[in-house]
Amino acid sequence: MPNERTQTNPPGPAGHPDACWWRSDAVLSSLHASLGGLSSAQARRRLRMFGPNRFDTAGRHRPCLEILSRLRNPLVLLLLVAGAVSAAVGETLSAGIIAFMVLLSVIFDYLQEHKAERAAENLRQMVALKTMAQRDGAYREIPVENLVPGDMIRLSAGSLVPADGLMIEATDLFVQQAALTGESFPVEKHPHAVPADDALDHAANAVFMGSSVISGTGTMLIVKTGKSTQLGLVGGVIAGRRPPTAFDMGLRQFGYLILRVTFLLVLFVLLANGLMKRPWLESSLFSLALAVGLTPELLPMIVTVTLSRGAIRLSKQGAIVKRLSAMQDLGAMDILCTDKTGTLTEAKISLSSHVDIAGRNNEHVLEWAYLNSRFETGVHTPLEDAILAEAHVDISAWVKVDEVPFDFERRRLSVLLRHRDESFLIVKGAPEDVLGHCNQYEEMNAQAMPWTAQSRALARETLRGLCANGYRVLGIAWKKAPAGATHARLEDENDLIFAGYAAFLDPPKKDAGEAIAHLTGQGIAVKILTGDSDLVARHLCDALGVPVTGVLMGREIALLDDHALSVRAESANLFCRISPIQKNRLVLALRRRGHVVGFVGDGINDAPALHSADVGISVDTAADVAKDSADMIMLRHDLGMLEEGVREGRRTFANIRKYIMVGTSSNFGNMLSMAGAVLFLPFLPMLPTQVLLNNVLYDLSETVLPLDGVDEADVQLPQHWDVTLLRNFMLILGPVSSLFDFVTFYLLLRMLEAGEALFQTSWFIDSLATQILVIFIIRTRGNPFFSHPHPALWAAAASLLLFAVALVFSPLAGLFGFVALPWPYFLALGFLVAMYLALAQWVKTLFYRSRLARGHDRAVGKGVMRRLKP
Ligand SMILES: Nc1ncnc2c1ncn2[C@@H]1O[C@H](COP(=O)(O)OP(=O)(O)OP(=O)(O)O)[C@@H](O)[C@H]1O
Ligand SMILES: [Mg+2]
């Protein structure tokens, strides 16, 4: 057996493009492969050597590295500096608390996120692409990720080429490789050697990752996988990074907001302390502690855990999220574009009639349709299945010569067949397109007649009648080809004889109408994008009870520029006879208007739009390319399932917002008060260690937030990330709580005449209690007594508060500078905290009411203009 260790990936001499693409004969031996494929043991070894067939091959986690990389986070660095300074000046306790915080945030974060990501990865595996590869002498289904150089795999219409390789055998194999070469038409591949060249698109014997098979079948030898593929070399543009979503950008903006506030506060405290000639060390430690207290260090963990919990919940309903943050986009989505066939209809298509141009039943039409469907090798659509199920034609005398596969621009497909010594080109496709290429039509007696104005009108009338009754219609045509013809070309689809129409019934899905109504009720505008005719689509809308607000045809879209398109697309909800490129343009146009756009589709033609949409949704039975481009896969083809997904997405939004709002309001208020107190208190309002401890306990209380449920009001409309809302809330509730804190300070100093330690202890308990308890106010927009939090929230809040109180009375109290609080203090503090919560509730109600009055929260559903970077 050849020694695999001597082998390199990629084989072939250096230079671009690699010589292996032209010298197919040499490749097999350099790969130590054979036409019989690999053995499992060989494949395992190669997998270890070359890594999995995906782009992020560094992917496997190494805990130590992961944890170390977290230490590079600026926040953690800040903490470490604070710790080092404390240790250096002998503040060992501060240093200890800081070390504990670092450990807590880093390890806890790591574990939680790791768990969440593992769960998400497991979900992804459920919908991973698979392929038929030859292992141990037999073809078996294996995950695409496990392919290695030397594997032999089968390709057929609809499959995605999973790696780079050479064709070993091919029958009418056409692939769409626009992603790589920019050619928009399918190109044919064959196994013959080709002369060396420097343009990869001349390598007609090679197929590349990211292309998809349009028609035909073939066997392929895998030569390069993962990052070594052509696509991998250019950074995996297709599968790779998408532009940051609205959510990512919101998160980043929020980060900057916090950074600015923290910086100002720290500067203020340092200046104030300087002016008052306080000891510089203590002041800088104190301001560092404040900075630490303000930073939402748990945010990344809360986001990941919340999203992954949402994704797991959703998977139990039968929808698998491939990209976690798609949950978020689902919650923000305000327009859903959907295809027609299969999503709105049953896709259980039956052939109901086959008629000539006058609408009379004609067996000849069925025969031609049968021959075309029987011999074509493209993606089998339910249309072909319906034709094959209806007719029984003896094909023993027919031989296939060639075909021109279906494409979504010309919307037809032809096969070239030989019958004894005659050759025929048989075409079926969208009736308008087929009619446009006929110069004769077939009479009842199989006689070809030239068109007259009358017969043309008759043909159009018959077609309109069929479509208006909801039938999907294909046009069937044929012509005699030169007897010895060996190839069929696009240009041959001319001067055809029109045979007639095949009319199909595709019943509407029972609950699709209801699902659309529900989505509309939840603030999501549903738009239907179809390659079919407008008459058929309108008929379907009637049947589903969906009002048509405007129709835009593909030929009109072709004349519009992007700006005009985005305006027209806003009002229309039915888009007919549109091509895959136009589907994609529509999605982009709507996004440019500030909408968050979802796209549902399952065909090869849907892949570009699935990829450009904020959230691409496909089904498990979809074409590989569609599944690959989608962010979410539904295990049942059911629009109703999206409703649950949308609610789940909005729920995650609400939970993340809660964390941020507590952090930026009450927490911010406390830090503000402490900064302000520096001006008139004769001592620090809290010791740096106490500020840090306070922060640790508060953080711990927030870790259960992802478990919490949310109010109905939070899932009724699309949720946008609204940094203005967060900022305004922070700038209102923050100072209001500070005012309240100053009242507290006054009470403690003047009425209770607390000394330094007593003051600090009281304020520690008070500020901790307000921060921990205010979540119960903020977690709902309405009355907190009517919205029930998850029990874990109560448990966490109660146990942490008890812990704090116990600490104050414990022998450890002295270490932290605490003193035992006399009971009147508890009474006073209890009263103050209750008053604070009532105040927070009042301010919150006013805040939301004034927003509502200004029309903010209602406008969300109609898609407020949201600036979107390209
Ligand atoms: N296998 C086929 N053979 C011949 N013509 C086809 C075939 N598949 C589709 N067509 C024609 O091309 C048109 C466009 O196809 P496309 O898949 O884009 O749209 P559709 O299937 O009608 O609707 P939807 O977009 O809802 O799936 C079809 O309406 C039909 O007229
Ligand atoms: Mg389709």
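Residues numbered from 1 in each chain as written. Chains lettered and ligands numbered in written order. Predicted model: local features only at pLDDT ≥ 70, side-chain atom pairs only at ≥ 80, totals over all residues. Heavy atoms only, no water.

Looking at an unreviewed UniProt entry, the protein chain carries the name Magnesium-transporting ATPase, P-type 1, with the source organism given as Castellaniella denitrificans. Checking UniProt for the protein chain, the heading Sequence similarities (unreviewed entry) contains the comment "Belongs to the cation transport ATPase (P-type) (TC 3.A.3) family. Type IIIB subfamily." As stated in UniProt under Subcellular location (unreviewed entry), the record for the protein chain gives "Cell inner membrane". (UniProt positions renumbered as here; feature names shortened; annotations may be inferred.)

Draft legend 1. Region of the structure containing the overall build of the protein chain. Counting its regular elements, the protein chain contains 31 helices and 23 strands. The C-alpha extent of the protein chain, read off along each of the three principal axes, is 115 × 70 × 40 Å. Here the protein chain, with 870 residues, has 56% of them falling under the buried criterion. Put simply, the protein chain shows about 36,200 Å² of open surface, and 61% of that area lies on carbon and sulfur atoms. Side chains of the protein chain carry 82 positive and 85 negative charges; the gap between the two charge centres is 5 Å. (Helix = DSSP H or I, 4+ residues; strand = E, 2+ residues; numbered from the N terminus. Buried < 20%, exposed > 50% of the residue type's maximum accessible area, 1.4 Å probe, protein only. Areas by Shrake-Rupley, 256 points an atom, 1.4 Å probe, with all protein chains shown as cover. Lys, Arg positive; Asp, Glu negative; His and termini not counted. Charge placed at Lys NZ, Arg CZ, Asp CG, Glu CD.)

Draft legend 2. Just the packing of aromatic side chains, in detail. In total, this model carries 20 aromatic pairs according to the counting rule given. Seen from their ring centres, Phe 742 and Phe 745 are 5.7 Å apart, and the 70 degrees between their planes marks the pair as edge-to-face. Pair noted here: Phe 742 and Phe 745 are both in helix H25 (residues 723–751), with a separation of three residues, about one helical turn. Residue Phe 742 is classed as partly exposed on the basis of its relative accessible area, which comes to 27%. Following the ring pairs from residue to residue traces out a cluster consisting of Phe 680, Phe 683, Phe 742, Phe 745, Phe 759 and Trp 763. A cation over an aromatic ring shows up here: Arg 154 above the ring of Tyr 139, its NZ or CZ 4.0 Å from the ring centre. (Phe/Tyr/Trp six-rings, centres within 6.5 Å; stacked < 30°, edge-to-face > 60°. Lys NZ or Arg CZ within 6 Å of the ring centre and 35° of its normal.)

Draft legend 3. Main features of the pairing of strand E17 (residues 496–505). Counting buried residues along E17, nine of its 10 residues qualify, which places the element largely inside the surrounding structure. One ladder, built from five bridges, connects strand E10 (residues 350–355) with E17; its direction is antiparallel. Looking at E17, one finds that Ser 353 is bridged to Ala 503. Summarising the sheet, strand E16 (residues 472–481) and E17 pair through seven bridges and their orientation is antiparallel. The residue bridging Ile 476 from the neighbouring strand is Gly 500, located in E17. (Pairing = 2+ DSSP bridges.)

Draft legend 4. Quick peek at the domain arrangement of the protein chain. Assigned domains within the protein chain: domain 1 (4–53 + 147–240), domain 2 (261–313 + 645–865), domain 3 (320–346 + 509–643) and domain 4 (350–505). Domain 2 and domain 4 are separated by 72 Å when their C-alpha centres are compared. (Domains from an automatic or database assignment.)

Draft legend 5. Region of the structure containing the side chain of Thr 304. Considering the arrangement of structural elements, one finds Thr 304 in helix H10 (residues 299–317). Those residues in contact with Thr 304, other than ones at most four positions away along the chain, are Glu 113, Ala 116, Glu 117 and Leu 324. (Contact = heavy atoms within 4.5 Å.)

Draft legend 6. Examining the site of ligand 1 more closely. Contacts to ligand 1 come from 20 residues, most closely from Lys 340, Thr 341, Glu 384, Arg 472 and Gly 531. In the model, an oxygen atom of ligand 1 is placed 2.8 Å from a nitrogen or oxygen of the Lys 340 main chain. One nitrogen or oxygen atom from the side chain of Thr 530 is found 3.1 Å from an oxygen atom belonging to ligand 1. When ligand 1 is considered free in solution it has 590 Å² of accessible area, and contact with the protein chains removes 91% of it. Within the residue set of the shell around ligand 1, elements represented by two or more residues are strand E13 (422–429) and E16. A breakdown of the residues in the shell around ligand 1 according to their chemical character gives six nonpolar, six polar and eight charged. Here the shell around ligand 1 spans two domains, and each of domain 3 (320–346 + 509–643) and domain 4 (350–505) adds at least three residues to it. (Near = heavy atom within 4 Å. Polar contact = N/O pair within 3.5 Å; in protein donor to acceptor, adjacent residues only side chain to side chain. Nonpolar A, V, L, I, M, F, W, Y, C, P; charged D, E, K, R; others polar.)

Draft legend 7. Layout of the packing of H25 against helix H26 (residues 756–773). Two elements in contact, H25 and H26, have axes separated by 11 Å at closest approach and are oriented at 145 degrees. H26 is crossed by H25, and the crossing has right-handed handedness. Contacts between H25 and H26 involve Asp 741, Thr 744, Phe 745, Leu 748 and Leu 749 from the former and Phe 759, Ser 762, Trp 763 and Asp 766 from the latter. Per-class residue counts for the contact of H25 with H26 are five nonpolar, two polar and two charged. (Axes fitted to C-alpha atoms, helices over the stretch in contact; angles between N-to-C directions. Left-handed = near helix turned anticlockwise from the far one by under 90°.)

Draft legend 8. Broad picture of empty space enclosed by the protein. Going through the model one piece at a time under the given rule, you end up with four cavities of 30 Å³ or more. Looking at the largest cavity, its volume works out to about 100 Å³. Every element with two or more residues in the lining of the largest cavity is listed here: H10 and helix H23 (640–677). Tallied by class, residues from the lining of the largest cavity come to two nonpolar, four polar and five charged. (1 Å grid on protein atoms, 1.4 Å probe; cavity = no way out; pocket = protein on both sides within 12 Å on 5 of 7 lines; lining within 4 Å. Points joined across faces, edges and corners; volume = space filled by probe spheres on them.)

Draft legend 9. A look at the environment of Thr 338. Considering the arrangement of structural elements, one finds Thr 338 in strand E9 (residues 335–338). Through-space distance from the C-alpha of Thr 338 to that of Val 600 is 4.7 Å; in sequence the pair is 262 residues apart. In contact with Thr 338, other than residues within four places in its own chain, are Thr 343, Leu 344, Val 526, Lys 527, Ile 528, Leu 529 and Val 600.

Draft legend 10. Quick look at helix H19 (residues 562–571). Along H19, the residues that are buried comprise Leu 565, Ser 566 and Ala 569. For H19, the angular spread of the buried residues around the axis is 100 degrees, confining them to a single face. Buried-residue contacts for H19 involve strand E18 (525–529), strand E19 (551–553), helix H18 (554–557), strand E20 (574–576) and helix H20 (580–592). (Arc of directions from axis to C-beta.)

Draft legend 11. Summary view of the nonpolar core. Counting residues in hydrophobic clusters, the biggest one holds 166 residues, and the most contacted among them are Leu 336, Phe 575, Ile 617, Leu 639 and Trp 721. Two domains each donate at least three residues to this core, and these are domain 2 (261–313 + 645–865) and domain 3 (320–346 + 509–643). In this structure, Val 365, Trp 368, Leu 413 and Ile 497 belong to the second largest nonpolar core, which totals 27 residues. (Core = buried A, V, L, I, M, F, W, Y, C linked by side-chain atoms within 4.5 Å.)

Draft legend 12. Just a nonpolar patch on the surface, in detail. A surface patch of nonpolar side chains, amounting to about 510 Å² of accessible area, comprises Phe 268, Leu 275, Met 276, Leu 679 and Phe 680. Residue placement: Leu 679 occurs in the loop between H23 and helix H24 (688–702). (Patch = residues over 30% accessible without salt bridge, like charges linked within 9 Å, V, L, I, M, F, W, Y side chains within 5 Å. Salt bridge = Lys/Arg side-chain N within 4 Å of Asp/Glu carboxyl O.)

Draft legend 13. Up close: the sheet that holds E20. What the eight strands build is an open sheet, ordered E8-E23-E22-E21-E9-E18-E20-E19; its pairing is mixed. Every other strand in the sheet has two partners, leaving strand E8 (319–321) and E19 as the edge strands with one partner each. Within this sheet the neighbouring strands show an average axis-to-axis angle of 20 degrees, counted without direction. Relative to the sheet, H10 contacts E8 and strand E23 (632–634), its axis offset from that of E8 by approximately 150 degrees.

Draft legend 14. Broad picture of the packing of H26 against helix H30 (residues 823–853). With their axes 10 Å apart at the nearest point, H26 and H30 run at an angle of 35 degrees to one another. Here H26 and H30 pass one another in a crossing that is right-handed. Contact with H26, carried on its side by Leu 758, Ser 762, Ile 765, Asp 766, Ala 769, Thr 770 and Leu 773, involves Tyr 825, Leu 829, Leu 832, Val 833, Tyr 836 and Leu 837 of H30 and no other residues of that element. Looking at the contact of H26 with H30 residue by residue, the class counts come to 10 nonpolar, two polar and one charged.

Draft legend 15. Structural context of the pairing of E16. Across the 10 residues that make up E16, a large majority, nine, are buried. Strand direction decides the pairing type here: E13 and E16, joined by seven bridges, are antiparallel. The residue of E16 that forms the bridge with Ile 426 is Trp 478.

Draft legend 16. Quick peek at the pattern of salt bridges. Throughout the structure, instances matching the rule amount to 39 salt bridges. Of the charged contacts, one joins Asp 532 and Lys 340 as a salt bridge, the two residues approaching to 3.0 Å between their closest N and O atoms. On the criterion of sequence distance, the pair formed by Asp 532 in the loop between E18 and helix H17 (534–544) and Lys 340 in the loop between E9 and E10 is long-range, its members being 192 residues apart. Looking at Asp 532, the relative accessible area reads 7%, which means it is buried. Here Arg 591 ties to Asp 614 by a salt bridge, and the two come within 3.2 Å at their closest N and O atoms.

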